[in-house]
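Chain and residue survey
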Amino acid sequence: MNSLDINQIKQYLPHRYPLLLVDRVLDWESGKTITAIKNVTVNEEFFNGHFPHKPVMPGVLMIEALAQTAALLSFLTEGRKPDENTVVYFVGIDNARFKRPVEPGDQLKMEVTITRRARGIWKYTAVATVDGQVAVEGDLMCTMRSAADASQSA
């Protein structure tokens, strides 16, 4: 079993609080799949405004958590860690569906599978569940670029 704790995750993702949305990698297989979790707590900044009377994790942040999980899988597959010259861009999503709200106290379990890799574009299927129920799913696309190329369109 291949797992990563938060300190190891921070070696692969440049994101930091409040936008680091992966707490632990439970397992991963190079070139294939990764399973990670995000523990959702009432202390998250976004709950102050979304929504004070009924806190719900914004859908765009659930998608971002899946994209971060996909980026982790890409770096792990390539056997390298990013440096200050590497930028990972989330370049697209298709077939996104939100099936259930995610609230404080939930644990978002994210499963991402590589479906294709060609000409610098990585494609994945992604699903996040809470207690076995699908919360969000979609097909993601990301690309890795050097910082020098980052100002150019993806």
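Preceding block: the structure.
Residues numbered from 1 in each chain as written. Predicted model: local features only at pLDDT ≥ 70, side-chain atom pairs only at ≥ 80, totals over all residues. Heavy atoms only, no water.

Attention shifts here to helix α2 (residues 59-78). Relative to the 28 Å expected for 20 residues at 1.5 Å per residue, α2 spans 29 Å between its end C-alpha atoms, a close match to the ideal helical length. Burial within α2 is extensive, with 16 of its 20 residues counted as buried. Immediately beyond the C-terminal end of α2, within one or two residues, lies G79, with a positive phi of roughly 70°. (Helix = DSSP H or I, 4+ residues; strand = E, 2+ residues; numbered from the N terminus. Expected span 1.5 Å × (residues − 1). Buried < 20%, exposed > 50% of the residue type's maximum accessible area, 1.4 Å probe, protein only.)

So, on to unusual backbone geometry. Leave glycine aside and you will find that most residues have negative phi; peptide bonds, for their part, are mostly trans. The amide bond that connects Y17 to the next residue, P18, takes the cis arrangement and shows omega of 5°. If you trace the backbone, P18 turns up in the loop between α1 (6-12) and β1 (24-29). The omega torsion across H50 and F51 is -5°, close enough to zero to call that bond cis. Positionally, F51 belongs in the loop between β2 (33-39) and α2. Residue N95 is not a glycine yet carries a positive backbone phi of 60°. By secondary structure assignment, the location of N95 is in strand β3 (residues 86-98). One non-glycine residue with positive phi stands out, namely R119, at about 50°. Examined against the element boundaries, R119 turns out to sit in the loop between β4 (107-118) and β5 (121-130).

Let's shift gears to the pairing of β5. Across 9 bridges, β4 lies against β5 in antiparallel orientation. Paired with V112 across the bridge in β5 is A126. Turn length for the β4-β5 hairpin, with the two strands adjacent in sequence and antiparallel, is 2 residues, and the turn residue R119 shows positive phi of about 50°. Where β5 lies against strand β6 (residues 133-146), 10 bridges are found, and the strand directions are antiparallel. Directly across from V130, in β6, lies its bridge partner Q133. Adjacent in sequence and paired antiparallel, β5 and β6 are bridged by 2 residues, among which D131 carries a positive phi angle near 50°. (Pairing = 2+ DSSP bridges.)

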